[in-house]
Structures are given as C-alpha cells and as structure tokens.
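Here's the letter readout for the chains.
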Amino acid sequence: MAFPSSSIRAASTTVNPTYLSLHLPNSHHASSRPSNTNHDNSYKYVKSPKIVRRSLFSLPASFLLLHASSSLAIDDTNTLSTSAIDTTITDRIFMDFSVCPSYFRSDRPLGAELSSCPDSEPLGRVVFGLYGRLLPVTAANFKATCTAAAYRGTLVHKLLQGQFFAAGRQGSRRDKGEVQPPSGLVRNSETVNPKAFKLRHARPGTLSLCLGENDDDDDIKLNPNYHNVEFLVTTGPGPCPELDGQNIVFGTVLEGMDVITSIATIPTYKPAERIRLFNDFAELIGDERAQTARAMWDRPLKTVYISDCGELKVTKQSLSPPSLP
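Residues numbered from 1 in each chain as written. Predicted model: local features only at pLDDT ≥ 70, side-chain atom pairs only at ≥ 80, totals over all residues. Heavy atoms only, no water.

- Going by the annotation in an unreviewed UniProt entry, the name recorded for the protein is PPIase cyclophilin-type domain-containing protein, with Urochloa decumbens given as the source organism.

As structure tokens, this is what we get:
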C-alpha cells in the first residue's frame, strides 16, 4: 500500500553529511573539500544534501520477516536447551491408591497402620516413569523406597486443588501415614545441583521431589540419617510454575492419570482467614505450635493413602512422551 510522500518525510531522519561525502560522486554533488573560489584564504564547507532515510513502513517485507525470525530464535533458547535434556525412562514404578473410611473412627485399633485398613476402597493404580539418566540418585532412592514397601501405608497429607498433591512425609509414626526410609539410601547430592532443576512442572502428571513444599519437621531434618523421600504429583489442569526451581522433576505419570484426577477432586480442609492471621502471628513470635497447626491445612477430608507399591520390570528402556517440558 502506498503512503503519501509527506508522511515519509515526517518519519525520515538526516544522515551524517561527513559519512555521505565518502559515497557521493564528485561530478554531481559538492564534497566537503575546501572551496578555491574564496580569495580571503578562508575555507567554506558546503553541506551535502539531506538524504531521506526510508521509514519503517516503506521497508521491504522480507527485511521485517528476517528481523522477526531472528528475535524468535533468541527467545526460544530456553526451549531448545530444555528439549535437549535426556528424559529417557529407565524405571517404572507403580503405586496403588486407596481410601480408608474407618481411619477416624473411634473403634480403630490404636497404632494400626493404614496398610491394614479393613474397609479399604481402592481408587486405582498409577504407573510412574523415572528419568534415571538425568537424575540417577533421586530416581534410585525413590525406586529403593518403593521396592522396600516403605511407601506402603503412606498418607496423602496435602492436596492443593488444581495444582498438586503431596505424599511420603518422613517420620516414625506409621499409624499416621509417615514414611520410614529404608537403609542403604544414598545421600542425595542432586538437591544442591542447579542442573537438577531444569525441568518444569509444565503439565499434569509431573512427578517431583519435594524440597520447597516439604512438610517434614525440623527435628527430623536435623537427623544425620535424614533422607528426603517426600514427593508431589501435579494434578492439573494447567502448569504449576510456582513449583519450578524449588522441587526436582524426576518422572512422569505413564498410566493412571484418571486416578490422579479423582484424587484432585477430593475436598480439603480450608482454615478461616482469622485462623490464618493468628497462625502467622504465632509463627512471628516463635510459637512452635504454628507449624504443627499449619500441617493440617489443605489436608484431604478423605483418608487417601498408598495401599501398595513396587517396581514393574521391563526389558527395554524407552523414551518419554515427546510433549514433556
């Protein structure tokens, strides 16, 4: 589409005359050399004519497309570097989730573990694929905890609807659904390795090691034999960018996403606003009971637990789905 010449002149700028004098033919334009017509030995410089530089509207379309494509290439550097990460699935772990309706009943035997719930209602099985090449220590510890049945009877203790649920809180109270890590777990040095935080919580069914969302008691964390075995699974429907950079993504859901969705629909305990404010004040003055009370927040109103877990043997390692972050 043609534009009036007046609009082009309005958008134009003046180019440096000295620079133009190097490129204009001497036979048609005056140069910046001194003029000999002046007899008082003074020099007069004749300015080169103003050259109109084309505005952005008159630039060729090919130039604009080239500039746009180069900008997009720069913006996609993070995506390209993320796609080069080795997310080969080396291990397959299954977990059976169930609900125990009699967990809060008064006639429940004292100290009875969740794994022996008499009226268990199964929700289904979830199969996780682990990124053993990318995070060998995290994947190996998670696999060893599952094969030792340490996650059996573990309570799903936190559920943020529309985001994730967490399980595997460490402790010695098996009747409360806590995990006692098996012996032989390796100290996880990947929790302080920046390369371990490259993958994002970009889709539902992401398996991640709890670090920033960890609810383990401070006294337990100070134990020299402490191993972080708490994990979380994103439930969707969208990504959870607030978890990125704080928790380590080391696997994904291969089967049983319908079970994850059914867990995500369970109602949770939501404290009133005044209780939240009072808890913040108690934490500010150093009251240790604030953390204990806060552990009950966002807890499912149904007792969801891991009724069984283990490893699924496969003969060949496979690549993860191409849509992984």
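Continuing now.
### Concerning the overall build of the protein
Okay, so step 1: Assigned secondary structure in the protein consists of nine helices and ten strands.
Okay, so step 2: The buried share of the protein, reckoned over its 325 residues, is 39%.
Okay, so step 3: Within the protein, contacts between residues at least 6 apart in sequence are counted, and of these 78% link residues at least 24 apart.
Okay, so step 4: Counting every atom, the protein has about 19200 Å² of accessible surface; 57% of that belongs to carbon and sulfur. (Helix = DSSP H or I, 4+ residues; strand = E, 2+ residues; numbered from the N terminus. Buried < 20%, exposed > 50% of the residue type's maximum accessible area, 1.4 Å probe, protein only. Contact = heavy atoms within 4.5 Å. Areas by Shrake-Rupley, 256 points an atom, 1.4 Å probe, with all protein chains shown as cover.)

### As for the state of the cysteines
Okay, so step 1: Evaluated as defined, the whole model comprises one disulfide.
Okay, so step 2: Each sulfur of the disulfide joining Cys100 and Cys117 lies 2.1 Å from the other. Residues Cys100 and Cys117 share a disulfide whose torsion about the S-S bond is about 90°; that sign makes it right-handed. Residue Cys100 is located in the loop between strand 2 (91–99) and strand 3 (121–130), and its partner Cys117 is located in the loop between strand 2 and strand 3; the two are separated by 17 residues in the primary sequence.
Okay, so step 3: Exposure remark for Cys117: the relative accessible area of 12% places this residue in the buried category.
Okay, so step 4: Here Cys309 is not cross-linked by a disulfide; its sulfur's nearest cysteine counterpart is in Cys146, at 4.8 Å. (Disulfide = S-S within 2.5 Å.)

### Thoughts on a nonpolar patch on the surface
Okay, so step 1: A grouping of Tyr269, Ile275, Met296 and Leu301 is seen on the molecular surface, where their side chains present a nonpolar patch of about 350 Å² in accessible area.
Okay, so step 2: Along the polypeptide, Tyr269 turns up in the loop between helix 7 (257–264) and helix 8 (273–284).
Okay, so step 3: Classification of Tyr269 as partly exposed rests on a relative accessible area of 35%. (Patch = residues over 30% accessible without salt bridge, like charges linked within 9 Å, V, L, I, M, F, W, Y side chains within 5 Å. Salt bridge = Lys/Arg side-chain N within 4 Å of Asp/Glu carboxyl O.)

### Brief notes about the side chain of His201
Okay, so step 1: On the secondary structure map, His201 appears in the loop between strand 5 (164–167) and strand 6 (206–209).
Okay, so step 2: Here Ser208 takes part through its side chain, which lies 3.0 Å from a polar atom of the side chain of His201. (Polar contact = N/O pair within 3.5 Å; in protein donor to acceptor, adjacent residues only side chain to side chain.)

### Things to note about the sheet that holds strand 8 (residues 248–255)
Okay, so step 1: A barrel is described by the order of its strands in space; here eight strands give the closed sequence 2-3-8-6-7-5-4-9, paired in antiparallel fashion. Neighbour-to-neighbour, the strand axes of the sheet open up by a mean angle of 35°, direction not taken into account.
Okay, so step 2: Along the sheet face, helix 5 (residues 136–147) touches strand 2, strand 3, strand 6, strand 7 (231–234), strand 8 and strand 9 (304–312) and points at about 50° away from the line of strand 2. (Pairing = 2+ DSSP bridges. Axes fitted to C-alpha atoms, helices over the stretch in contact; angles between N-to-C directions.)

### Looking at the side chain of Ser208
Okay, so step 1: Turning to its location among the elements, Ser208 is positioned in strand 6.
Okay, so step 2: Separated by 3.1 Å, the side chain of Ser208 and the backbone oxygen of Ile248 make a polar contact.
Okay, so step 3: Residues within four places of Ser208 in sequence aside, it is in contact with His201, Phe231, Leu232, Asn247, Ile248, Val249 and Phe250.

### What to know about the packing of aromatic side chains
Okay, so step 1: Taken as a whole and judged by the stated rule, the model has six aromatic pairs.
Okay, so step 2: Residues Tyr103 and Phe104 carry aromatic rings whose centres are separated by 4.9 Å and whose planes lie at 90° to one another, so their mutual orientation is edge-to-face.
Okay, so step 3: Taking relative accessible area as the criterion, Phe104 reaches 62% and is therefore assigned exposed.
Okay, so step 4: Taken together, a centroid distance of 5.3 Å and an interplanar angle of 80° make the contact between Tyr151 and Phe231 edge-to-face. Of this pair, Tyr151 sits in the loop between helix 5 and strand 4 (154–160) while Phe231 sits in strand 7; the two residues are 80 residues apart in sequence, bridging distant segments of the chain. Assigned by exposure class, Tyr151 and Phe231 land together as buried.
Okay, so step 5: Taken together, the ring pairs connect Phe142, Tyr151, Phe231 and Phe250 into an aromatic cluster.
Okay, so step 6: A cation over a ring is seen here: Arg125 above Phe94, with NZ or CZ 4.0 Å from the ring centre. (Phe/Tyr/Trp six-rings, centres within 6.5 Å; stacked < 30°, edge-to-face > 60°. Lys NZ or Arg CZ within 6 Å of the ring centre and 35° of its normal.)

### Some remarks on the pairing of strand 2
Okay, so step 1: With nine of nine residues buried, strand 2 is to be regarded as a mostly interior element.
Okay, so step 2: Of the two faces of strand 2, both are covered, the one formed by Asp91, Ile93, Met95, Phe97 and Val99 as well as the one formed by Arg92, Phe94, Asp96 and Ser98.
Okay, so step 3: Relative to strand 3, strand 2 is paired through nine bridges, and the arrangement is antiparallel. Note that in strand 3 the partner of Ile93 across the bridge is Phe128.
Okay, so step 4: Bridging between strand 2 and strand 9 involves eight bridges; their strand directions are antiparallel. For Ile93, the partnering residue across the bridge sits in strand 9 and is Glu311.

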